[in-house]
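# Fold and geometry: a report
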Amino acid sequence: MTILPDRAELLRHDVRVWLAANMPTNWRAAMTGCSQERFVAAQRDWFSKMVAAGYATPHWPAGWPGGGQGLAEQSIIYEEIARADAPRLILYFVSLYHAASTLLEWATKEQATQHLSGILRGEIWCQGFSEPGAGSDLAAVRTRGERRGDVYVVTGQKIWSTMAQYADKCLLLVRTSSEGAKQAGLTFLIMDMKGPNVTVRPIRQITGDEEFAEIFMDGVVIPVENRLGEEGGGWGVAQSTLASERGLTLMELGRRMRGGLWRIASEMVQTGCTEDPLILRELGRLRTQIDALVALSDGFLKRRIAGEERAGDASVVKLYYARVLRAYTSLGLRISGLAGQYREDFTSGGSQETGNWAVDFMNSYAWSIAGGSDEIQRNIIAERLLDMPREPKAWRLAGGAG
Amino acid sequence: MSIEQTELCEAARKLLADIATMHPDEAWRRLTAAGWPALTAPEPLGGLAQNLTACCWLYMEMGRVLSPALLPASLLAIATLTACAASPVRDAWIERIAGGERLAVSLRDPSQDFAQGHRLRAVIGADCAGHALVVIAGEPLVAVVPLDRDVLCVARPTWDTTRTLFDLDISNAHFDTATVIARGAAAEAALDAFSIHLHVAIAADCVGAAGKILDETVTHLKNRRQFDRPLAMFQALKHRCADLKTAVVAAEALLLHYVADIDARPCAEGVLLAKGAKSIASSAFRAIAEDAMQLHGGMAMAVEHPCHLYLKRALLNEQLASLGDECDIAVARGFISSLAA
């Protein structure tokens with residue numbers, strides 16, 4: 001995975017020069033307290049530039065713009081993006097990672113060409129997995145997909161879908177059968193979000209943002225050719241989506257976190273606690289933990305590229321990221337003191353560490369809850385990596401009431 | 001794991017098992033025959049010219065079996081001397097150590113103890129070596145002094161019985177052309193090399209030992225049945241084990257990542273990397289050793305069970321090199337000053 005130093009330095013130089021010339025100036029100020037429409041417009045603009053330069057998709061295979069990069073090259077690109085403090089492509093997060101990884105693993109050639117090209121043209125994707133009754137227990141999905149000839153007719157409700165209100169397409173997990181194991185009755189579909197009978201309602205969050213939404217489907221017609229994998233094989237397809245979220249995305253986020261650590265130091269200078277040994281200890285610990293996170297996610301990607309990924313590897317990376325992110329935002333909040341409690345507008349597209357510590361801290365729960373909560377990751381690590389037994393499935397209330 | 005690493009670790013594991021019950025002198029002869037003390041010495045001086053990463057693999061294997069072998073003393077001395085300017089005295093010592101001559105070496109960071117009088121603490125090898133490596137931070141100075149009547153040596157029995165520690169009072173030792181290898185600015189790089197190797201050695205020991213005792217604990221939970229089921233089925237215990245597994249996997253990934261960095265471009269920042277790795281690894285080992293005690297239940301309190309050996313080594317490892325808290329603070333200060341630059 002090593003590349004010649006001069007080639008590496010050349011790539012670093014290219015990325016750096018390109019970012020300096022193309023990055024929107026003063027985007028943080030413009031994106032703080034702005035309307036969501038302005039945010040979306042800015043994201044679309046930045047996305048098309050990044051795609052054209054090949055820096056949005058270095059993790060895609062060769063043949064796609066900027067694709068086929070090894071670990072070392074990807075590492076350089078993400079380091080430079082973090083260093084330049086470029087806006088994070090949060091609106092396209094699901095398109096670039098979840099959708100792309102799932103399509104690359106499961107789509108037919110025609111499906112892959114159509115949808116990956118669509119993503120590069122700016123199609124926004126969202127994920128329709130969780131439901132009010134299916135959170136951690138994802139296999140309990142109840143949204144019905146009824147097969148009628150060449151189409152599925154879908155009725156049900158999805159929740160916690162990031163940016164669904166702007167989405168063009170949805171990665172949708174539906175129940176096509178109630179026979180046998182819960183997992184065996186699931187099917188994976190691609191839904192057109194702009195078609196009839198789809199209603200989206202944004203969810204007002206604790207930060208004031210509306211990043212998540214509910215999706216209501218009332219007899220949505222989805223052609224069979226929009227299915228990924230076999231009917232009843234949706235659980236396996238969904239694992240690809242989840243694994244990409246748990247492992248792959250952290251290659252960038254780890255470097256973002258490292259690139260943003262100066263914000264804590266700068267907060268320390270402002271509040272005059274640069275000599276406080278307790279704070280220094282936590283800062284030093286955090287600095288090292290972020291490097292550990294980067295080492296973990298690099299190791300994960302290396303194994304993935306070599307085809308040696310083990311079930312549970314991605315969970316270690318995601319659990320570690322969620323814990324370090326909590327520690328990070330928590331330290332920022334602690335240093336900011338009372339001033340950190342005064343309500344201030346948040347910055348959209350500023351990744352997980354914007355320096356608005358209360359907002360960053362609240363948002364850190366997205367990472368310990370979404371994409372399989374920390375508790376689910378611990379189950380996976382225990383059962384898959386440590387080979388500890390599952391709990392028995394049969395369960396009743398005491399006294400036989402259940 | 002690379003093929004190279006797998007092969008070296010397998011060979012190391014086998015050799016460590018072979019020597020486990022041998023007399024220390026005989027065990028050391030076997031390690032010397034296998035080339036362990038010569039691992040990092042330059043080839044012209046009889047060494048195998050391997051890097052810090054290779055040392056790490058051996059230290060991790062030694063940690064797994066709580067090995068008492070004095071390898072860290074030899075490799076620490078060679079790392080330190082190799083960073084000093086070449087001289088006949090230096091070269092002769094590197095050759096002697098690579099060839100299996102043992103040296104007494106302190107496992108504490110030089111900045112830790114020396115200010116409190118001319119005493120080296122946590123020294124290993126003083127019972128079988130004829131000389132001691134002396135690394136002094138303040139002056140700075142690197143010397144190899146004879147363990148004669150001018151050096152007072154006191155054994156300090158520790159709770160961790162897998163190691164034997166000594167205090168050396170060197171206030172009457174002679175620091176002259178015969179003993180001093182480097183002094184002043186010329187000794188700075190050697191001090192860094194010592195500190196890097198020491199923190200990495202302890203970190204690797206922690207990672208190896210933590211991985212092993214966690215494996216043992218998970219196996220115990222799978223075998224032990226209570227309430228008509230294996231303890232490993234209880235989610236409360238599974239989640240604890242998952243956290244411990246995450247901690248040890250992260251500590252190992254970080255250590256190997258940092259060490260590869262240090263091997264690729266040795267620099268003063270290497271000290272901070274090594275300290276960071278030590279802090280993360282020794283706190284992971286301690287957390288795992290503590291929980292291993294709890295999760296083994298009453299039998300962990302019985303001296304026949306090896307659990308306590310890991311706990312005691314974890315507690316001692318926290319004190320060796322530098323304390324985790326001090327490492328963390330050093331990393332933070334380094335980070336803040338890097339921003340100013």
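Everything numeric here is computed off the predicted structure, so don't read it as measured data.

The subject of this paragraph is the overall build of chain A. Summing up its helical and strand segments, chain A has 13 helices and 8 strands in all. For chain A, whose C-alpha radius of gyration is 22 Å, the value lies close to the compact-globule estimate of 21 Å for 402 residues. With respect to the principal axes defined by its C-alpha atoms, chain A has extents near 65 × 55 × 45 Å. When the 402 residues of chain A are sorted by exposure, 56% land in the buried category. Look at the contacts in chain A between residues 6 or more apart in sequence, and 75% of them connect residues 24 or more apart. Accessible area for chain A stands at about 17,200 Å²; split by element, carbon and sulfur atoms hold 51% of it. Side-chain charges of chain A comprise 45 positive and 47 negative groups, with the mean position of each set lying 2 Å from the other.

The next subject is the domain arrangement of chain B. Residue and element names in this part refer to chain B. One can read the domain layout of chain B as domain 1 (1-101), domain 2 (102-183) and domain 3 (187-340). A straight line from the C-alpha centre of domain 2 to that of domain 3 covers 26 Å. Counting residues at the interface gives 23 residues for domain 2 and 19 residues for domain 3. For the pairing of domain 2 and domain 3, the buried interface totals around 1,700 Å² over both sides, and the portion due to carbon and sulfur atoms is 64%. For domain 2, the biggest contributors to the area lost against domain 3 are Leu107, Asp109 and Arg163; these three give 30% of the whole. Counting across the interface, domain 2 meets domain 3 through 1 salt bridge. If you look at where domain 2 meets domain 3, you find 7 residue pairs in polar contact (both at pLDDT 80 or more). If you list the elements that add at least two residues to the side of domain 2 that touches domain 3, you get β1 (103-106), α6 (110-113), β3 (131-136), β4 (141-146) and β7 (180-183).

This part covers the nonpolar core. If you look at the biggest cluster of nonpolar residues, it comprises 223 residues, and the most contacted ones within it are Met191 and Ile264 of chain A together with Leu133 of chain B. Excluding residues that lie within four positions of it along the chain, Met191 of chain A makes contacts with Asp168, Lys169, Cys170, Leu172, Val198, Ile215, Met217, Val220 and Ile222 of chain A. By size, the runner-up hydrophobic cluster in this structure holds 17 residues, among which are Val123, Ala126, Ala132 and Ala143 of chain B.

What follows concerns the domain arrangement of chain A. Residues and elements named next belong to chain A. By the assigned domains, chain A splits into domain 1 (5-106), domain 2 (124-231) and domain 3 (249-385). Distance from the C-alpha centre of domain 1 to the C-alpha centre of domain 3: 20 Å. Taken residue by residue, the interface counts 22 residues in domain 1 and 25 residues in domain 3. Between domain 1 and domain 3, roughly 2,000 Å² of surface is buried when both sides are summed, and carbon and sulfur atoms account for 59% of that area. When the buried surface of domain 1 facing domain 3 is broken down by residue, Arg28, Leu71 and Arg88 rank first, second and third, together holding 34% of it. In this structure, Arg263 engages Asp85 in a salt bridge whose closest nitrogen and oxygen atoms are separated by 3.3 Å.

On to the packing of aromatic side chains, then. Where two aromatic rings form a pair, the distance of their centres and the angle of their planes describe that pair. Residue and element names in this part refer to chain A. Applying the stated rule across the entire model yields 12 aromatic pairs over all chains. Residues Trp60 and Trp64 carry aromatic rings whose centres are separated by 5.8 Å and whose planes lie at 90° to one another, so their mutual orientation is edge-to-face. Judged by its relative accessible area of 22%, Trp64 falls in the partly exposed class. Grouping aromatic residues by their ring pairs yields a cluster made of Phe93, Tyr97, Tyr321 and Trp367. If you follow Arg88 out to its NZ or CZ, it ends over the ring of Phe93, 4.7 Å from the centre.

What follows is about the interface of chain B and chain A. Taken together, the contacts link 35 residues of chain B with 35 residues of chain A. Across the interface of chain B and chain A, roughly 3,200 Å² is buried in total on both sides, 71% from carbon and sulfur atoms. With its nearest N and O atoms 2.7 Å apart, the salt bridge here joins Asp243 of chain B to Arg378 of chain A. At the boundary of chain B and chain A, one finds 13 residue pairs in polar contact (both at pLDDT 80 or more). In terms of residues, the side of chain B that touches chain A owes the most to one element, helix α8 (residues 235-264) of chain B, which gives 15 residues. For the side of chain B that touches chain A, a count of residues per class yields 21 nonpolar, 7 polar and 7 charged.

The next subject is unusual backbone geometry. Only a minority of non-glycine residues have a phi that is not negative, and only a minority of peptide bonds are not trans. Here Glu139 of chain B and Pro140 of chain B are connected by a cis peptide whose omega angle stands at -25°. Here Pro140 of chain B lies in the loop between β3 and β4. Unusually for a residue other than glycine, Asn26 of chain A sits at a positive phi of about 50°. Inspection of the secondary structure assignment puts Asn26 of chain A in the loop between α1 (5-22) and α2 (27-31). The exposure class of Asn26 of chain A is exposed, given its relative accessible area of 65%.

All right, on to the pattern of salt bridges then. Residue and element names in this part refer to chain A. Summed over the entire model, instances satisfying the criterion amount to 51 salt bridges over all chains. Here Arg28 makes a salt bridge to Asp85, at a shortest N to O gap of 2.7 Å. You can see Arg28 sitting in helix α2 and its partner Asp85 sitting in the loop between α4 (71-84) and α5 (93-106), a full 57 residues away along the chain. For Asp85, a relative accessible area of 23% corresponds to the partly exposed category. Among the charged side chains, a salt-bridge network with shared partners connects Glu9, Arg12, Arg16, Glu79, Glu80, Arg83, Arg255, Arg258, Arg287, Asp291 and Asp298.

A few words now on the sheet that holds β4 of chain B. Within a sheet, neighbouring strands are paired by backbone hydrogen bonds and run either parallel or antiparallel to one another. Residues and elements named next belong to chain B. Spatially, β5-β6-β2-β1-β3-β4-β7 is the arrangement adopted by the 7 strands of the open sheet, whose pairing is mixed. With partners counted over all chains shown, the strands left at the sheet margins are β5 (152-156) and β7, one partner each. Mean inter-strand twist for the sheet, computed between neighbouring axes without regard to direction, equals 30°. Sheet analysis places β1 next to strand β2 (residues 119-124), joined by 2 bridges and oriented antiparallel. The residue bridging Ser106 from the neighbouring strand is Val123, located in β2. On the sheet, helix α4 (residues 71-82) packs against β1, β2, β3, β4 and β7 and is oriented at approximately 80° with respect to β1.

Criteria and cut-off values
Residues numbered from 1 in each chain as written. Chains lettered and ligands numbered in written order. Predicted model: local features only at pLDDT ≥ 70, side-chain atom pairs only at ≥ 80, totals over all residues. Heavy atoms only, no water. Helix = DSSP H or I, 4+ residues; strand = E, 2+ residues; numbered from the N terminus. Rg over C-alpha atoms; globule rule 2.2 N^0.38 Å. Buried < 20%, exposed > 50% of the residue type's maximum accessible area, 1.4 Å probe, protein only. Contact = heavy atoms within 4.5 Å. Areas by Shrake-Rupley, 256 points an atom, 1.4 Å probe, with all protein chains shown as cover. Lys, Arg positive; Asp, Glu negative; His and termini not counted. Charge placed at Lys NZ, Arg CZ, Asp CG, Glu CD. Domains from an automatic or database assignment. Buried area = accessible area lost by both parts, 1.4 Å probe. Salt bridge = Lys/Arg side-chain N within 4 Å of Asp/Glu carboxyl O. Polar contact = N/O pair within 3.5 Å; in protein donor to acceptor, adjacent residues only side chain to side chain. Core = buried A, V, L, I, M, F, W, Y, C linked by side-chain atoms within 4.5 Å. Phe/Tyr/Trp six-rings, centres within 6.5 Å; stacked < 30°, edge-to-face > 60°. Lys NZ or Arg CZ within 6 Å of the ring centre and 35° of its normal. Nonpolar A, V, L, I, M, F, W, Y, C, P; charged D, E, K, R; others polar. Pairing = 2+ DSSP bridges. Axes fitted to C-alpha atoms, helices over the stretch in contact; angles between N-to-C directions.

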